[in-house]
Amino acid sequence: MLDKDGVALLSKLCTMTDGEKFAVLDWTDVFDGGPDDAGKAVWKSLLQQGCLTVKYSDDESVCFAVTLKGRNLNEELATMNVVSDDEKAVVRTDAAGRPVVVMKGGEQFVDHLRKKLHSRTLALIWGLTGGVIGGIIGGAIVALIMHFAIH
């Protein structure tokens, strides 16, 4: 899953490289001030998502390429402008590779859906009950009319 830092790093790497060609960069160019633990975690998440391909790396430099999936993801994310929500939005890719925005801590959203589903379920139950009662009453009226019309 890509958070705000992952999206920012992917965007930066896409502007620093050309197409799917491999580029050799110093770690200080990739990360401002060199890679720290948070930077390494972001780099690892980009690798796991399939956004980057690494040919080799050492303590000073790295040879990598941004994959077509990474470039497409970057373009779609730029269109979606999901970087604006700091801690609430997380970007994941679905099975087809499309980015999907997932809300963190969406208890309010889940509660809203639960209430909506509850009200719809009650409406369905009362609607079916009303239909059955109306059918019984209508059938009884038709039966009485037919009984007295025939005699």
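The structure we're discussing is the one just above.
Residues numbered from 1 in each chain as written. Predicted model: local features only at pLDDT ≥ 70, side-chain atom pairs only at ≥ 80, totals over all residues. Heavy atoms only, no water.

Participant: Quick question: what am I supposed to make of the packing of helix α1 (residues 4-16) against helix α3 (residues 37-49) here?
Facilitator: The description of two packed helices rests on the angle between their axes and on the distance between the axes. The contact between α1 and α3 brings their axes to 10 Å, and the two run at 75°. The angle between α1 and α3 places the two elements in the roughly perpendicular class. Of the residues in α3, those touching α1 at D5, G6, L9, L10 and L13 are V42, W43 and L46. A per-class count over the contact of α1 with α3 returns six nonpolar, one polar and one charged. (Axes fitted to C-alpha atoms, helices over the stretch in contact; angles between N-to-C directions. Helix = DSSP H or I, 4+ residues; strand = E, 2+ residues; numbered from the N terminus. Parallel < 35°, antiparallel > 145°, perpendicular 65-115°, else oblique. Contact = heavy atoms within 4.5 Å. Nonpolar A, V, L, I, M, F, W, Y, C, P; charged D, E, K, R; others polar.)

Participant: When you look at a negative patch on the surface in this model, what are you seeing that I'm missing?
Facilitator: On the surface, D26, D29, D58, D59 and E60 cluster together into a negatively charged patch. Its location among the elements puts D29 in helix α2 (residues 27-30). (Patch = residues over 30% accessible without salt bridge, like charges linked within 9 Å, V, L, I, M, F, W, Y side chains within 5 Å. Areas by Shrake-Rupley, 256 points an atom, 1.4 Å probe, with all protein chains shown as cover. Salt bridge = Lys/Arg side-chain N within 4 Å of Asp/Glu carboxyl O. Lys, Arg positive; Asp, Glu negative; His and termini not counted. Charge placed at Lys NZ, Arg CZ, Asp CG, Glu CD.)

Participant: I would appreciate a short explanation of the nonpolar core in the present structure.
Facilitator: In summary, soluble globular proteins display a tendency toward joint burial of nonpolar side chains. If you look at the biggest cluster of nonpolar residues, it comprises 20 residues, and the most contacted ones within it are L9, L10, L13, V30, W43, L46 and F64. For this core, the secondary-structure elements that each account for two or more residues are α1, α2, α3, β3 (61-66) and α4 (68-80). Sort the elements by how many residues they give to this core and α1 lands first, with five residues. (Core = buried A, V, L, I, M, F, W, Y, C linked by side-chain atoms within 4.5 Å. Buried < 20%, exposed > 50% of the residue type's maximum accessible area, 1.4 Å probe, protein only.)

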